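# Topology and contacts: notes
So the chains spell out like this:
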Amino acid sequence: MPVLLSPEQAPTLADLLDTANTIGLPVQLPDQAVAGNLHIAGLGALSSAGSSEISFLSNPRLTSLLAQTQAGAVVLDAKAWETYQAQQSDQPGFVPVICQAPYALYAMLAQWFDAHRIRQLPQGIHDTASIDPSAKLDHDVSVGPYAIVEADATIGAGTRVGAHSIVGQGASLGRDCLLHARVTLYHGVHVGDRAILHSGVVLGADGFGFAPDPRHTDQVWVKIAQLGDVRIGNDVEIGANTTVDRGALESTVLGDGVKLDNQIMIAHNVTVGEHTAMAACVGVAGSTAIGARCTVGGAAMLSGHLTVGDDVHISGGTAITSDISSPGRYTGVYPFAEHRQWKKNTAVVAQLSALRRRLRQLEKQLAGSSPQD
Amino acid sequence: MPVLLSPEQAPTLADLLDTANTIGLPVQLPDQAVAGNLHIAGLGALSSAGSSEISFLSNPRLTSLLAQTQAGAVVLDAKAWETYQAQQSDQPGFVPVICQAPYALYAMLAQWFDAHRIRQLPQGIHDTASIDPSAKLDHDVSVGPYAIVEADATIGAGTRVGAHSIVGQGASLGRDCLLHARVTLYHGVHVGDRAILHSGVVLGADGFGFAPDPRHTDQVWVKIAQLGDVRIGNDVEIGANTTVDRGALESTVLGDGVKLDNQIMIAHNVTVGEHTAMAACVGVAGSTAIGARCTVGGAAMLSGHLTVGDDVHISGGTAITSDISSPGRYTGVYPFAEHRQWKKNTAVVAQLSALRRRLRQLEKQLAGSSPQD
Amino acid sequence: MPVLLSPEQAPTLADLLDTANTIGLPVQLPDQAVAGNLHIAGLGALSSAGSSEISFLSNPRLTSLLAQTQAGAVVLDAKAWETYQAQQSDQPGFVPVICQAPYALYAMLAQWFDAHRIRQLPQGIHDTASIDPSAKLDHDVSVGPYAIVEADATIGAGTRVGAHSIVGQGASLGRDCLLHARVTLYHGVHVGDRAILHSGVVLGADGFGFAPDPRHTDQVWVKIAQLGDVRIGNDVEIGANTTVDRGALESTVLGDGVKLDNQIMIAHNVTVGEHTAMAACVGVAGSTAIGARCTVGGAAMLSGHLTVGDDVHISGGTAITSDISSPGRYTGVYPFAEHRQWKKNTAVVAQLSALRRRLRQLEKQLAGSSPQD
């Protein structure tokens, strides 16, 4: 367990739940007295948490782990608690914390412990930060070592800009954003409130646009300067080394609550609807519009100029090459196999059209030679 | 429209065409007088451009948008203009700018507006730039804050090195290059004239080379130091977070006019021919040679040690696993479907070889029981 | 040949083999006298090495190149040398260096030349490096310009931290590591001895973890703070722009001798066994465990929560979607074809289930109308 507070820092279970549960999830503590005495120094998995740690059960299939856990307290829902009690005659070794959304309460507890471990964060403006006099920084802004804030940039209250990060000319960041080290915002990129941007993120590089040069009969490219921008809503998180290109003439847009994992590529003029989440290594080609509340599995790719509706779930590794209008789950993954087996089956793929023709031929022939003849 | 010049800055349409059309595309202005009076402050899409903006029509299927556009001027070809005039009895609301290559003229206009918007570019050598005394910088070189130019590096006239960029020992950049913030050139990387390198680009990291260590019966790796370099021609653009590894003993080569989008991986000893363009997330494995004037769609991958000829077009998401000698378009994408449908069909893929055998069996049987018997 | 020492620097062949062969591979020099006189200034391929360079033959299919090579010396195994002598009546133009592991000896020679070319490496602590007073640096540590070492970080003897790199709070690096420019270690990341980390590497960014917010009926995400860390063994190399996320509660682990190429994504809680090597652009989703001595081809992807055993070899471009327990090679790549051909065959994929049904139908019918009836 990497995070373990010292005994003096460890809150009681009651205090922890009071302060960590900022979204007000209903929580029941069957034994209030114990909760006021038990000090919780950390958060761990059921299989590894110790007696001064809190754990959680969100997957009903793991209920059997409750009997062995050494955790001091466990977040679980009423049904799991009843099941456990029905099966165990002894008193449990842990204090039950009953909540109908144990996974969400775990998320709240993890945020609390993350905020309370001692960590060096940029505090104030570092001596080596380079900030243009025309930039506007609201109160409580921190800018780390060697970070650069260019002319006419604006940064909202409480936002922290990590070491080596660059906020380009005229770019804007909302309130309470966290830019980790080494994030690049090109000029004129706009980011809303509470964004979390990880190391290596590049927002607003040029979209990939070239016109054939008519002076050459061969293919020679003329650059189409990218005059658009990037507009990112509130509560967006973007993972390490992910890139979002600026629009050609208009904006590339990520809606409120969008979550992007690492090494994702969002091309120019793409729009992503609210609360859509994408796993790592996804690529979205230019001008494609993705709806709200979608999920895109890792390494999926979407071709350009497509429209994907709301509540669409794309499996990892799938290539989406045409519009999707109905909600649902979509998949297109070639099945793997032991190499020799794969080779035998895959050789037939190149003959599928011929195979179908042969089958039709047989069907016709058989219709002609059927017993009814 | 993110770029809109102030009235004082906005040129007349005639002046704009004079100065922006640097490649000398033939342009006709049916109404010269108007062109001398109309001031153009920006460039926009047909659907969103206003009366002080110029727009363009390059896709004939969008000709119908001309009737509604609010743009002050529109670049279009003679045929589109004739079609429009034949259908509309009224005078158009826009000034026609007739050019047989409207997309290329749009590219020129976009470059002009990009150059004329006020943007902070590194001007001269920033105080915090770290430049080795042995480095040779030609006239009008700019080096941004915290950028590093190592020993024996050479930088051509007019080249701008962005903030936090690193030009490694003995590396060279030609004339009029633009390195955005946070580009890394390892030692001995050579880049020609007019390159545009985006944030997060890494040129010249070690190729992936290891020999099995014969002292172990198990697989243990010994590093093969990568002694080669990277050689990049003129007029090359490389997108954000793209990596080009140095050769093992020789060079990794990108020819003149090559355009690489974001998050592309070019492995050691690869050669890419002139004017070949690759969309984002492409991977090219070691020692593969790609010809001139190819295009590679997003997320395609090429295996190592292949030869792909000139004028080959590879579709997005395709895995190229053997040589391609003939020009043409090549594709290998597994079709996506609604998940349950995919599952049903994909289960058969693992039986394709058996299915073919059964079909042959039926064909034989039927040949034996045919009416002619 | 990018590396060519000056005549004064070039060692004799005998001295070169003495000093470069640090792993003690058995080597035979049929002509000791010559080896003491021949000076070797560089290392090259058989087809391009000159008379003052050493080359190697490791692939028996290239034995024919020996007759033409201009190399001054060639590393080859006894069998290749015998074959060559049997076919050639003349004295060879090169000095033979006989070794049963020519590729491993080439690796050693390449390391020697790499270490002996003049290159600027961070020497000592650069003036502009920002090092927290609480950080512990062992002897002979170098920290480059603008690099940052945060509070409580520890760096082992002989380790070099490149320009612009960041060693986060409480992170640790072992002995003799080489961090190239622009590497980010988040807080609490642990790296063993002799690591090589390339430009753009990000270790310890947050894993991708979100819980549905139960206050909304629609999909809205609550961040699960990532409290775990990253633990990397000894002798690990990680390529440019590769990312390894920190664990949610526990550690993300790379074993000793793991080699990762560029642009790889290792998600939270993944474990990779000793001496496993992955080519570029691979993605491994959360909590997947990969065994020892595996190889993963470029652009392969592994789904989350899988277990892959030891000695498994996954072909490039393959999506692994279920556990693999037996050693062997596994593949799942859709075959590419000329576009029109692909289109014809791929259309049948969507009908495979129906096709199988029709085939069964025919088989039944034919069984009913067989001659035996």
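Right above here is the structure, for reference.
These remarks concern the structure in this document. (Residues numbered from 1 in each chain as written. Chains lettered and ligands numbered in written order. Predicted model: local features only at pLDDT ≥ 70, side-chain atom pairs only at ≥ 80, totals over all residues. Heavy atoms only, no water.)

What follows deals with helix α6 (residues 352-368) of chain C. Taking 1.5 Å per residue as the helical rise, α6(C) with its 17 residues ought to reach 24 Å, and the 24 Å between its terminal C-alpha atoms agrees with that figure. Three or more residues of α6(C) are buried, namely Leu352(C), Ser353(C), Leu355(C), Arg356(C), Leu359(C), Leu362(C) and Leu366(C). Where α6(C) is buried, its residues contact α6 (352-368) of chain A, α5 (339-349) and α6 (352-368) of chain B together with α5 (339-349) of chain C. (Helix = DSSP H or I, 4+ residues; strand = E, 2+ residues; numbered from the N terminus. Expected span 1.5 Å × (residues − 1). Buried < 20%, exposed > 50% of the residue type's maximum accessible area, 1.4 Å probe, protein only. Contact = heavy atoms within 4.5 Å.)

What follows concerns the sheet that holds strand β30 (residues 289-290) of chain A. All names here are of chain A. Taken in spatial order, the 9 strands of this open sheet run β7-β10-β13-β16-β21-β24-β27-β30-β33, and their pairing is parallel. Each edge of the open sheet carries a strand with a single partner, namely β7 (136-137) and β33 (307-308). Sheet topology places strand β27 (residues 271-272) next to β30; 2 bridges connect them, and they run parallel. Residue pairing for β30: Val272 is matched across the bridge by Ile290. (Pairing = 2+ DSSP bridges.)

Looking now at the side chain of Asp206(A). Within the fold, Asp206(A) resides in the loop between β18 (202-203) and β19 (210-212). Classification of Asp206(A) by relative accessible area gives buried; the value is 14%.

A word on the pairing of strand β5 (residues 95-99) of chain C. Residues and elements named next belong to chain C. The buried fraction of β5 is high, at 5 of 5 residues. Alternating positions in β5 separate into two faces, Val95, Val97 and Cys99 on one and Pro96 and Ile98 on the other, with burial throughout. Here strand β1 (residues 27-28) runs beside β5; their pairing, made up of 2 bridges, is antiparallel. For Gln28, the partnering residue across the bridge sits in β5 and is Ile98. Relative to β5, strand β4 (residues 73-76) runs parallel, the two being bridged by 4 bridges. Across the sheet, Val75 pairs through a bridge with Val97, a residue of β5.

Moving on to a positive patch on the surface. On the surface, a cluster of positive charge is contributed by Lys344(A), Arg357(B), Arg360(B) and Lys364(B). Sorting elements by how many residues they give to the positive patch places α6(B) first, with 3 residues. Within the secondary structure, Arg360(B) sits in helix α6. (Patch = residues over 30% accessible without salt bridge, like charges linked within 9 Å, V, L, I, M, F, W, Y side chains within 5 Å. Areas by Shrake-Rupley, 256 points an atom, 1.4 Å probe, with all protein chains shown as cover. Salt bridge = Lys/Arg side-chain N within 4 Å of Asp/Glu carboxyl O. Lys, Arg positive; Asp, Glu negative; His and termini not counted. Charge placed at Lys NZ, Arg CZ, Asp CG, Glu CD.)

Here we come to unusual backbone geometry. Phi angles above zero are rare outside glycine, and Cys281(A) is one such case at about 70°. Within the secondary structure layout, Cys281(A) lies in the loop between β28 (277-278) and β29 (283-284). The phi dihedral of Gln263(C) is positive, around 55°, even though this residue is not glycine. You can see Gln263(C) is positioned in the loop between β25 (259-260) and β26 (265-266).

All right, on to the relation of the copies chain B and chain C then. Mapping chain B onto chain C calls for a screw motion: a turn of 120° about the axis and a shift of 0.0 Å along it, with 0.1 Å RMSD after fitting. Given the turn and translation reported, the copies of this chain are related as if by a three-fold rotation axis. Within chain B, Tyr334(B) has its C-alpha nearest the rotation axis, a separation of 3.6 Å. Looking at the interface residues of chain B, only 17% of them are also at the interface in chain C, so each copy uses its own face. (Least-squares fit on C-alpha atoms with pLDDT ≥ 70 in both.)

Attention now moves to the interface of chain A and chain C. Facing the 79 residues of chain A at the interface are 81 residues of chain C. A combined buried area of about 6,400 Å² lies between chain A and chain C, and 64% of that area is made up of carbon and sulfur atoms. Applying the counting criterion to the chain A and chain C interface returns 3 salt bridges. A salt bridge links Asp218(C) to Arg293(A), with the shortest nitrogen-to-oxygen separation between them at 3.5 Å. Summed over the shared surface of chain A and chain C, the number is 30 residue pairs in polar contact (both at pLDDT 80 or more). Of all the secondary-structure elements, those providing two or more residues to the side of chain A that touches chain C are α4 (102-116), β25 (259-260), β28, β37 (337-338), α5 (339-349) and α6 of chain A. Top contributing element to the side of chain A that touches chain C by residue count: α4(A), with 9 residues. Split into classes, the residues belonging to the side of chain A that touches chain C amount to 44 nonpolar, 23 polar and 12 charged. Pairing analysis gives 2 bridges linking β37(A) to strand β36 (residues 328-331) of chain C, with the strands arranged antiparallel. Directly across from Ala337(A), in β36(C), lies its bridge partner Thr331(C). (Buried area = accessible area lost by both parts, 1.4 Å probe. Polar contact = N/O pair within 3.5 Å; in protein donor to acceptor, adjacent residues only side chain to side chain. Nonpolar A, V, L, I, M, F, W, Y, C, P; charged D, E, K, R; others polar.)

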